[in-house]
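Listed below are the residues making up each chain.
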There are 2 protein chains.
Amino acid sequence: MLDLNRVGTIPGGLTKNQALVLEIIEKAGKPIGAYEILRELGPRGIKSPVQVYRAVNSLIQCGIVRKVESMNAFVRCTDAHPHRGQTTILAVCDRCGTVVEHHDETVDRRVAWAEQEAF
Amino acid sequence: MLDLNRVGTIPGGLTKNQALVLEIIEKAGKPIGAYEILRELGPRGIKSPVQVYRAVNSLIQCGIVRKVESMNAFVRCTDAHPHRGQTTILAVCDRCGTVVEHHDETVDRRVAWAEQEAF
DNA sequence: ACATTCCTGTTATAAAATAACATAACTTTC
DNA sequence: GAAAGTTATGTTATTTTATAACAGGAATGT
Ligand SMILES: [Zn+2]
Ligand SMILES: [Zn+2]
Ligand SMILES: [Zn+2]
Ligand SMILES: [Zn+2]
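For clarity, every value in this text was computed on a predicted model and none was experimentally measured.

Definitions and cut-offs
Throughout this description, residue numbers start from 1 for each chain and increase along the sequence as written. Both sets of labels track the order of writing: A upward for chains, 1 upward for ligands. With pLDDT at 70 or above as the cut-off, local features in this predicted model cover only qualifying residues; side-chain atom pairs require 80 or more to be listed or tallied, and sums for whole chains, interfaces and linings still use all residues. Side-chain metrics in this entry use all non-hydrogen atoms of the structure; hydrogen atoms and water are not considered. Copy-to-copy alignment: least squares on C-alpha atoms, limited to residues at pLDDT 70 or above in both. Should any heavy atoms of two residues lie within 4.5 Å, those residues are considered in contact. Fitted lines through C-alpha atoms serve as axes, helices being fitted only where they are in contact, and the angles separating the N-to-C directions of these axes extend from 0 to 180 degrees. By the criteria applied, helices consist of DSSP H or I runs no shorter than four residues and strands consist of E runs no shorter than two, each listed in order from the N terminus. Oblique is the label for any angle not under 35 degrees, not over 145, and not in the 65 to 115 range, which are roughly parallel, roughly antiparallel and roughly perpendicular in turn. Nearness of a residue to a molecule or strand requires only that one of the residue's heavy atoms be within 4 Å of it. Whenever a nitrogen or oxygen atom comes within 3.5 Å of another N or O atom, the pair is scored as a polar contact, on the condition that within protein one atom can donate a hydrogen and the other can accept it, and that pairs from neighbouring residues in sequence are kept only if both atoms are in side chains. Salt bridges are defined by distance alone: a side-chain nitrogen of Lys or Arg within 4 Å of a carboxyl oxygen of Asp or Glu. In this scheme, a residue with accessible area under 20% of its type's maximum is buried, one over 50% is exposed, and one in between is partly exposed, where area comes from a 1.4 Å probe on protein chains only. We treat two strands as partners when DSSP finds at least two bridges between them. Here's the idea: put two parts together, see how much 1.4 Å probe accessible area each one loses, and the total over both is what we call buried area. Here a donor is any nitrogen, oxygen or sulfur atom (N, O, S) within 2.8 Å of the metal, with 3.2 Å used for Na, K and Ca; water is not among the atoms considered, so some sites may look incomplete.

## Points about the relation of the copies chain B and chain A
Inference 1: Once chain B is rotated about the relating axis by 179° and shifted along it by 0.0 Å, it coincides with chain A to within an RMSD of 0.1 Å. The two molecules are tied by a two-fold rotation axis, judged by turn and shift. Across chain B, the rotation axis passes nearest the C-alpha of B:E69, at a separation of 2.8 Å.
Inference 2: A shared binding surface is used by both copies, with 100% of the interface residues of chain B retained as interface residues in chain A.

And the structure:
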């Protein structure tokens, strides 16, 4: 499971727990915290935070989920794309909480310098 | 204390605790967590997390300290500038942890759209 | 079958942040 | 200067977020 060659695709090759967590994140439609995911999945057998965190981290590795650092929450990526090399900006709506992901090439150039300097 | 008209200036008008916390953040020279600040200031009378968080939040309001969300840590702003209206990018060095703050006008333009849409 | 690797479950603990309440200090206003 | 209002402080307890450590189970390749 967790095929790194299929980064960004909507995979059928997800683990049971990974699929469960992804389902909840998608259903939410906006950033959702790990413990809220846990509550939602309690009735379906997920009983501890580690299980959620493991699944979420796998999904992030896959490139289909992002962490919104400022909210300690996780959100589904809208389209299939690799997060490696391409810098992204997350815009979070103050009202409804919806997230729009920008793939800003200008920022890429700006950050390129930083990467040269090992940032 | 905490004069919002003097945002971004190196103020003499800081509270005792605010001054203590700022001193530690400055001495660190890189992002430092609230609980590490607490440990450093224990010998000087700061005994609880709330005290640190209160001071740090005030300093952020003043615009002289920033939170690095991805690290749960706080860093001194290198130069005096308002954080309102001007979007900034924080580049964190993988090796030494030093932070460089970019004031990217291009990003400003990009985000302007988002603000129009109430993001 | 055997070794390897990855996913799983469980318990306990760490790390980060806030809630709630009481007191002290500093300003205004009269 | 006394009363009232505001802001900073101290203290205790609790919540929220995240990881450590260990044991068992399922898949995969040889
Ligand atoms: Zn994405
Ligand atoms: Zn909205
Ligand atoms: Zn700054
Ligand atoms: Zn460096």
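Still more to cover.
## Describing the packing of helix α1 (residues 16-28) of chain A against helix α3 (residues 49-62) of chain A
Helices that pack against each other are described as a pair by the angle of their axes relative to one another and the distance between those axes.
Residues and elements named next belong to chain A.
Inference 1: Close contact between α1 and α3 brings their axes to 9 Å; oriented N to C, the two are set at 80°. Relative to α3, α1 is oriented roughly perpendicular. When α1 is examined against α3, the residues N17, Q18, V21, L22 and I25 are found in contact with a partner set consisting of Q51, V52, A55, V56, S58 and L59.

## Notes on the protein's contact with DNA strand D
Inference 1: Lining the immediate environment of DNA strand D, one finds 14 residues, of which A:Y35, A:K67, B:T15, B:Q51 and B:R54 sit closest.
Inference 2: When the atoms of DNA strand D within 4 Å of the protein are sorted by group, sugar and phosphate make up 42%.
Inference 3: Between A:Y35 and DNA strand D, the recorded distance is 2.5 Å, taken from a side-chain N or O atom to a base nitrogen.
Inference 4: B:Q51 is positioned with one of its side-chain polar atoms (N or O) 2.5 Å from a phosphate oxygen of DNA strand D.
Inference 5: Looking at the surface near DNA strand D, the elements that each hand over two or more residues are α3 of chain A together with α1 (16-28) and α3 (49-62) of chain B.

## A word on the pattern of salt bridges
All names here are of chain A.
Inference 1: Summed over the entire model, instances satisfying the criterion amount to 9 salt bridges over all chains.
Inference 2: Ionic pairing is found between K67 and E69, a salt bridge with its closest N-O pair at 3.9 Å.
Inference 3: Among the charged side chains, a network of salt bridges with common partners joins E23, K27 and R44.

## A word on the pairing of strand β2 (residues 73-76) of chain B
All names here are of chain B.
Inference 1: The side-chain alternation of β2 yields two buried faces, one formed by A73 and V75 and the other by F74 and R76.
Inference 2: Taken together, the 4 bridges between strand β1 (residues 65-68) and β2 define a ladder with antiparallel strand orientation. Of the residues in β2, the one forming a bridge with V68 is A73.
Inference 3: Where β1 folds back on β2, the antiparallel hairpin that results is connected by 4 residues, among which N72 adopts a positive phi of roughly 50°.

## Notes on the interface of chain B and chain A
Inference 1: Counting residues at the interface gives 19 residues for chain B and 19 residues for chain A.
Inference 2: In total, about 1800 Å² of surface goes out of reach between chain B and chain A, with carbon and sulfur atoms giving 67% of it.
Inference 3: Applying the counting criterion to the chain B and chain A interface returns 0 salt bridges.
Inference 4: In terms of residue count, the dominant contributor to the side of chain B that touches chain A is helix α4 (residues 105-116) of chain B (5 residues).

## Observations regarding the coordination of the zinc ion (ligand 4)
Inference 1: Here the zinc ion (ligand 4) is held by B:C93 (SG) and B:C96 (SG), and the distances to it run 2.2 to 2.3 Å.
Inference 2: For B:C96, a relative accessible area of 44% puts it in the partly exposed group.

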